[in-house]
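One-letter residues, chain by chain:
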Amino acid sequence: MTLLEGSVGVEDLVLLEPLEQGSLLKNLQQRYEHKEIYTYIGNVLISVNPYQQLPIYGPEFIAKYRDYTFYELQPHIYALANVAYQSLRDRDRDQCILITGESGAGKTEASKLVMSYVAAVCGKGEQVNSVKEQLLQSNPVLEAFGNAKTIRNNNSSRFGKYMDIEFDFKGSPLGGVITNYLLEKSRVVKQLEGERNFHIFYQLLAGAEADLLKALKLERETRCYVYLNRKVSRVDGMDDASNFKAVQSAMAVIGFSEEEIQQVLEVTALVLKLGNVELADEFQANGVSASGIRDGRGIQEIGEMMGLNSEELEKALCSRTMKTAKENVVTALNVVQAQYARDALAKNIYSRLFNWIVNRINESIKVGTGEKKKVMGVLDIYGFEILEDNSFEQFVINYCNEKLQQVFIEMTLKEEQEEYEREGIPWTKVDYSDNGVICNLIEHNQRGILAMLDEECLRPGVVSDTTFLAKLNHLFSKHTHYESKVTQNAQRQYDHTMGLSSFRICHYAGKVTYNVNGFIDKNNDLLFRDLSQVMWKARHPLLQSLFPEGDPKQASLKRPPTAGAQFKSSVAILMKNLYSKNPNYIRCIKPNEHQQRGQFSSELVAIQTRYLGLLENVRVRRAGYAYRQGYRPFLERYRLLSRSTWPRWNGGDREGVEKVVGELSLSSEELAFGKTKIFIRSPKTLFHLEERRRLRLQQLATLIQKTYRGWRCRTHYRLMRKSQILISAWFRGNMQKKRYGKIKASSLLIQAFVRGWKVMGKGGGASSPPMGPCPTWFLPDCASCWEERAAESESCPPPGPPGVRGHVHVCVGFWVCRCVSGSVDARRGDVCLCPGCVSDLATEFCLLLGGPCSLPTRLPLLSPSRTVSALYLTVFSVWVRNRTPSRSGFGLLCLTVYLYVGSFLVCPCQARKDYRKYFRSGAALTLANFIYKSITRKFLLGLKDNLPSTNILDKTWPAAPYKCFHTANQELRQLFYRWKCKKFRDRLSLKQVENLREKLCASELFKDKKASYPQRLRLEFFS
Ligand SMILES: Nc1ncnc2c1ncn2[C@@H]1O[C@H](COP(=O)(O)OP(=O)(O)OP(=O)(O)O)[C@@H](O)[C@H]1O
Ligand SMILES: [Mg+2]
């Protein structure tokens, strides 16, 4: 806190001791001498013009002030701009910055500093930067056309400017609106000693390229132009030529087209050239004085530039058309009247051009409708003026300043004190000078000076400035703030400073004597209709657009509002605008009259501090409270600072506020509870609250972030978990499905085996004799043999008695049935045919079939399936070789096939062993093979049971149940038939054989000759 430590004097006058004018001045002077030009009175900033560039501005300082609160750093205009901007951005309150002070006190500079600060701290981006540029670049253009050198200020604003900068909800500038007030247009044609015309004329002449000057038909020398004061053409420290370039580029940045810039310069040149139009006396035949233009070349050039016939222009300048009910009467103007008309035209052209420029800038920077805006208004209006000869212009300027002072009084002094009373806050009244009565004197609708002036202007009959003054003298003879020679005389006062044509008003800033001469004319602000009509006829597009009333279609007999009335209404609008916003005051003070650095004139500053009411301001501020707010908005803003009120508070607003401030343990002296508002005495406390709120907001933001992140992670985790459960459920399901499929396939396989076994006949276990599928003709009487053998050895019944045949039957039957029923595990080899048995079996079969056995007598030990296969192959090859048809042979064939099938039934065991890894994939094939073999077996067994009779004439044969057996069935049929025939032949006796042979021989002889018997033999043939 630098408020007290190491500061020069006191930085806030609220801390001033003793509180009196002398110490206040001394403090300001002390600080000024130490180049501390800014001082506070609470939140009001006092700025003393340093008249030198101090190293306290620029990006570095902007960065410094944007990060600190109002009282944390030395008083600065940036601190005030920062408070206003933050309040606008964060609290959504429209702001206005009221910059007041005398001419030359530094208002315009202050407004530029505020704008540059706001432009630097507000949002960034291409669009935003272009808006900022346009807003900032409006300054040089308006200063060129609206500022001039006066004896008080080398860059004096000769118009009032109020600029509304509009921001979006984020605090980025969107655009703005500029309102201008009453340009001092009289300056166009006349300037006081030591003053200049508007800067643009000098800038144009000094800075324009030769080509441009030629095009504008201008000379470079200022002394060539009557409207430019020939004595003062240059201003120290002002480079007109480079300023002209800056104006041109600023216009381009704002959005003026090249054509528009050219036209603006043409109109400016026209004004200069109009001043050079010399008028001379001319006498009409009737002796009435008239006027004419002396320099024909000048008016010719003007006509060319305007796009007008020079004669027409001359006529409009030197005569006046009066409209009566019946006709138009043209009156010639004398030289004075013509000069007045010329100057009126020049002033009107220039002031309308200025308005056009302001409107054109507004067009560029305007914000689209519909967008919600926050507004910061910056008011830089001409300062209070007390000249030696004060005219109508000073009167309206001072009236405006009076109104601004009223705003200040109303909003800081009066309103504040009234509010304390309203709210029931203990309060000792502080006296202050209220200027309401002065404002009333000027602006009262019926009895104000402006109303009287308007009345005089509109009144029929002889009207002059003198009649106007007489009216004022009559009306305000007893008014405490009005004086004139007449009222002084009435009170027997002698004042040699008061002229006969003057009146004096005791303004808040001092007494100002106004000369009434010219009041009526200036208030009427009349431009002869002839001139406006001729301007409208001009082919110059910009010039023509400046005089819309010249259009005969729009001509109206209605009088336009007077200058005073217009100004009053625009000031009323301005006041309304200011009252609707949160005010921020910058009180500018001029330290000396000579625009000299380091000079501090106590007298001059004392006058200013007195009329600015700084001392009263300090008193009210000291006694009062720096900040107040309704309970509800206060609670809304700060309730997050207390656990009782955050996040929910169900009690009343005031109780809530008490809870919040109670928990923050603020000093009771710092606070006062009104009826509807809480009052906070020092800004420090408010900033403390704001700081606490900022920290708390950070905490809450962290909490929200934390909660959000937690929620996000939890949700994500839940989602992942759900997905994981879903995936594993699907995976497990899939696994189970696969497993089930495997089990099902396996059980089908087992079922198939079991069913196959069942079809073949159910085995009663290892010790039971095979049943069912073992055909009776195959095991005719082996049961007892088998039992014997089984009792001896399960693994390999030895060959030998009861005969090879029985042994074969027993062995094969035993082995096949055991394998098929599964009671013998072939893989384990607990039942196998030893090589000897196999050889014997093969030999036996081969003998049965009547062929030699090809199987070697000493066989290696084979697995049962291979043994059976070998056996089968041996037997089958013998059978094929011999093919001895006999019933036992056929039985053997069936046996062979049976064995073959049996070997296949055994095969799965082998296959499982050899092709375990492929078993699953081969299950379908195995099953298909199994089914195929089953139906083959069924077909063959069924055929055995349904064999037709052995009669050779019986050619019937059971049909094959499936097409695939058709060929095999035919083969079998042939085999059976041959077998039957063989059996039949075997049964025949020799005689029967002989008979049949003869018959056969006869039938061969008579073959195909039976039909010819009746022709050859007449006798009937009897066989
Ligand atoms: N803060 C400042 N730093 C440096 N010079 C300043 C500062 N303020 C004002 N000046 C100087 O004072 C001169 C007058 O200031 P400025 O034009 O702002 O006065 P003003 O109050 O606008 O006067 P007017 O009412 O005539 O327009 C400026 O041209 C500038 O030279
Ligand atoms: Mg200014």
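Just so it is clear, the structure is predicted and the values come from calculations on it, not from any experiment.

Here we look at the overall build of the chain
- In terms of helices and strands, the chain carries 36 helices and 19 strands.
- With 1023 residues in all, the chain has 49% of them scored as buried.
- Residue pairs at least 24 apart in sequence account for 68% of intrachain contacts in the chain once pairs closer than 6 positions are excluded.

Re the packing of helix α14 (residues 392-423) against helix α24 (residues 614-623)
- At their nearest, the axes of α14 and α24 sit 10 Å apart, and the two run at 35° to each other. For α14 against α24, the interelement crossing comes out left-handed. Here F408, T412, L413, E416 and Q417 of α14 come into contact with α24, specifically with E616, N617 and V620.
- Partitioned by chemical class, the residues of the contact of α14 with α24 number three nonpolar, three polar and two charged.

What about the nonpolar core?
- Core analysis: the largest hydrophobic core is formed by 185 residues, its most contacted members being F145, M306, I349, F395, F503, M535 and I586.
- With 14 residues, the single largest contributor to this core is helix α13 (residues 335-365).
- Formed by 18 residues, the second largest nonpolar core is a distinct cluster that contains Y627, Y631, Y638 and I680.

Digging into the site of ligand 1
- With respect to spatial proximity, 19 residues lie near ligand 1, and among them S103, G104, K107, T108 and S156 are the closest.
- Within the backbone of N155, an N or O atom sits 3.4 Å from an oxygen atom of ligand 1.
- Compared with its free state, where it exposes 620 Å², ligand 1 has 89% of that area covered by protein.
- Going through the elements one at a time, α4 (107-121) and β5 (156-157) are the ones with two or more residues in the shell around ligand 1.
- Top contributing element to the shell around ligand 1 by residue count: α4, with three residues.
- Considered class by class, the residues forming the shell around ligand 1 number four nonpolar, 12 polar and three charged.

Re the environment of Y977
- For Y977, the position within the fold is in helix α34 (residues 966-987).
- Residues Y977 and P948, 29 residues apart in the sequence, show an inter-C-alpha distance of 9.9 Å.

Some points on the environment of I62
- As for its position among the elements, I62 is in helix α2 (residues 59-66).
- Overall, I62 belongs to the buried group, its relative accessible area being 10%.
- Separated by 20 residues in sequence, I62 and N82 have C-alpha atoms that sit 9.1 Å apart.

A short note on the coordination of the magnesium ion (ligand 2)
- Taken together, T108 (OG1) and S157 (OG) make up the protein donors of the magnesium ion (ligand 2), found 1.9 to 2.1 Å from the metal. Of this pair, T108 sits in helix α4 while S157 sits in strand β5; the two residues are 49 residues apart in sequence, bridging distant segments of the chain.

Side note on α34
- Its 22 residues place the ends of α34 31 Å apart at the C-alpha level, agreeing with the 32 Å of an ideal helix rising 1.5 Å per residue.
- All of the buried residues along α34 are N969, L972, F976, W979, K980 and C981.

Observations concerning the pattern of salt bridges
- Under the counting rule described, the total for this entry stands at 43 salt bridges.
- In this structure, the salt-bridge partner of E143 is K112, at a minimum N-O distance of 2.9 Å. Linking E143 in helix α5 (residues 126-146) with K112 in helix α4, this pair joins segments that are 31 residues apart in sequence.
- You can call E143 buried: its relative accessible area is 14%.
- Where E691 meets R694, a salt bridge forms, and the shortest distance between an N and an O atom there is 2.5 Å. In this pair, E691 and R694 are both assigned in helix α27 (residues 683-760), three residues apart and thus about one turn of the helix distant.
- Residue classification places E691 among the partly exposed residues on the basis of a relative accessible area of 32%.

Details of the pairing of strand β16 (residues 582-589)
- Among the eight residues that make up β16, eight are buried, leaving the element largely enclosed by the rest of the structure.
- Along β16, one buried face is formed by N582, N584, I586 and C588 and the opposite face, lined by P583, Y585, R587 and I589, is buried too.
- Where strand β2 (residues 44-48) meets β16, four bridges bridge the pair, whose relative direction is parallel. Bridge pairing links S47 to C588 in β16.
- When strand β3 (residues 95-101) meets β16, the two strands line up parallel, connected through seven bridges. The residue of β16 that forms the bridge with I97 is N584.

Topic: the packing of aromatic side chains
- Per the counting criterion, the structure on display carries 33 aromatic pairs.
- Plain terms: the ring middles of F395 and F519 are 5.8 Å apart, the flat faces sit at 55° to each other, and that makes the pair tilted. Here F395, found in helix α14, pairs with F519, found in helix α19 (residues 519-524); they are 124 residues apart in sequence, far enough to count as distant.
- Residue classification places F519 among the buried residues on the basis of a relative accessible area of 0%.

Observations concerning the sheet that holds strand β14 (residues 502-507)
- The three strands lie next to each other as β13-β14-β15, forming an open sheet whose pairing is antiparallel. At either end of the open sheet lies a strand with only one pairing partner, and these are β13 (482-484) and β15 (510-515). Averaged over all adjacent pairs, the angle separating strand axes in this sheet is 25°, with direction ignored.
- Where β13 lies against β14, three bridges are found, and the strand directions are antiparallel. Within the sheet, the bridge partner assigned to Y482 lies in β14 and is I505.
- Sitting on the sheet, helix α17 (residues 465-475) is in contact with β13 and β14, with an inclination near 125° to β13.

Digging into the confidence of the model for the chain
- Overall, the prediction assigns the chain a mean pLDDT of 81, with 82% of residues at 70 or greater.
- For the stretch residues 813-835, pLDDT sits under 50, and the model shows 60 contacts to residues farther than four places along the chain or on other chains.
- Segment residues 857-864 is flagged for pLDDT under 50; beyond a separation of four residues in sequence, or across chains, it makes 15 contacts in the model.

Quick word on the packing of α5 against α13
- The geometry of α5 relative to α13 is characterised by a closest axis approach of 11 Å and an angle of 180° between their N-to-C directions. Taken together, the axis directions place α5 and α13 in an arrangement best described as roughly antiparallel. Only Y350, L353, F354, I357, V358, I361, S364 and I365 of α13 make contact with α5, whose side of the interface consists of Q134, L135, S138, V141, L142, A144, F145 and G146.
- Class assignment of the residues belonging to the contact of α5 with α13 gives a composition of 12 nonpolar, four polar and no charged.

With respect to the sheet that holds β2
- Spatial ordering of the open sheet is given by β1-β2-β16-β3-β12-β6-β7, a layout of seven strands whose pairing is mixed. In this open sheet, the two edge strands, each paired with only one partner strand, are β1 (38-41) and β7 (173-181). Strand-to-strand twist across the sheet, computed as the mean angle between neighbouring axes with direction ignored, equals 20°.
- Note that β3 and strand β12 (residues 374-380) share five bridges and pair parallel. Bridge assignment links I99 to a residue of β12, and that residue is D380.
- Sitting on the sheet, helix α22 (residues 563-579) touches β3, β6 (160-167), β7 and β12, and the angle it makes with β6 is about 35°.
- Sheet contacts for helix α23 (residues 602-612): β3 and β16; angle to β16, the most-contacted strand, approximately 160°.

Re the side chain of E483
- Following the sequence through the fold, E483 ends up in strand β13.
- Owing to a relative accessible area of 14%, E483 belongs among the buried residues under this scheme.
- A distance of 3.2 Å separates polar atoms of two side chains, one belonging to E483 and the other to Q488.
- With residues up to four places along the chain from it excluded, the contact list for E483 reads Q488, M498, F503, R504, C506 and K511.

Here's the deal with α24
- In terms of burial, α24 is a largely internal element, seven of the 10 residues being buried.
- Regarding α24, the residues found buried are L614, L615, E616, N617, V618, V620 and R621.

Here's the deal with the pairing of β6
- Taking burial as the measure, the eight residues of β6 include eight buried ones, the bulk of the element.
- Across eight bridges, the pairing between β6 and β7 is antiparallel. Bridged to M163 within β7 is I178.
- Between β6 and β7, which pair antiparallel and follow one another directly, the connecting turn spans five residues, one of which, G171, has a positive phi of 90°.
- Note that β6 and β12 share seven bridges and pair antiparallel. From the neighbouring strand, M163 faces β12, where its bridge partner is V378.

Cut-offs applied
- Residue positions are counted from 1 within each chain, in the order its sequence is given.
- Key to labels: chains lettered from A, ligands numbered from 1, both in the order written.
- Per-residue local features are limited, in this predicted model, to residues with pLDDT of at least 70; the limit for side-chain atom pairs, both in listing and counting, is 80 or more; totals at the level of whole chains, interfaces and linings are taken over all residues.
- For the side-chain quantities, the full set of heavy atoms in the structure was used; hydrogens and water were omitted.
- Numbered from the N terminus, helices here are DSSP runs of H or I no shorter than four residues, and strands are runs of E no shorter than two.
- Note on exposure labels: buried denotes an accessible area under 20% of the residue type's maximum, exposed denotes more than 50%, and partly exposed covers the range between, all computed with a 1.4 Å probe on protein chains only.
- In what follows, a contact means two residues having at least one pair of non-hydrogen atoms within 4.5 Å.
- Here, axes are lines fitted to C-alpha atoms. For helices the fit covers the stretch in contact, and angles between N-to-C directions go from 0 to 180 degrees.
- Working rule for handedness: look at the near helix, and if it is turned counterclockwise from the far one by less than a right angle, call the crossing left-handed; if clockwise, right-handed.
- Throughout, the ten residues Ala, Val, Leu, Ile, Met, Phe, Trp, Tyr, Cys and Pro are labelled nonpolar, Asp, Glu, Lys and Arg are labelled charged, and all others, Gly among them, are labelled polar.
- Residue types Ala, Val, Leu, Ile, Met, Phe, Trp, Tyr and Cys, when buried and joined through side-chain atoms within 4.5 Å, form a set referred to as a nonpolar core.
- Consider each residue's heavy atoms; a residue with any of them within 4 Å of a molecule or strand counts as near.
- Definition of a polar contact: a pair of N or O atoms within 3.5 Å, with one able to donate and the other able to accept a hydrogen when the atoms are protein atoms, and with sequence-neighbouring residues admitted only if both atoms are side-chain atoms.
- Each accessible area value is a Shrake-Rupley result obtained with a 1.4 Å probe; residue values ignore everything except the protein chains displayed when judging cover.
- In this description, a donor is an N, O or S atom within 2.8 Å of the metal centre, a cutoff extended to 3.2 Å for sodium, potassium and calcium. Water is not part of the atom list, which can make sites seem incomplete.
- Given a helix with a known number of residues, its expected span is that number minus one, times 1.5 Å.
- A side-chain nitrogen of Lys or Arg and a carboxyl oxygen of Asp or Glu constitute a salt bridge if their distance falls within 4 Å.
- The pairing criterion is simple: DSSP has to find at least two bridges between the two strands.
- Here is the rule: rings of Phe, Tyr and Trp (six-membered ring for Trp) pair when centre to centre is within 6.5 Å. Planes less than 30 degrees apart are stacked, more than 60 are edge-to-face, and the remainder are tilted.
- The score called pLDDT rates the predictor's confidence residue by residue, from a low of 0 to a high of 100.
- The scheme is simple: roughly parallel for angles under 35 degrees, roughly antiparallel for over 145, roughly perpendicular for 65 to 115, oblique for anything else.

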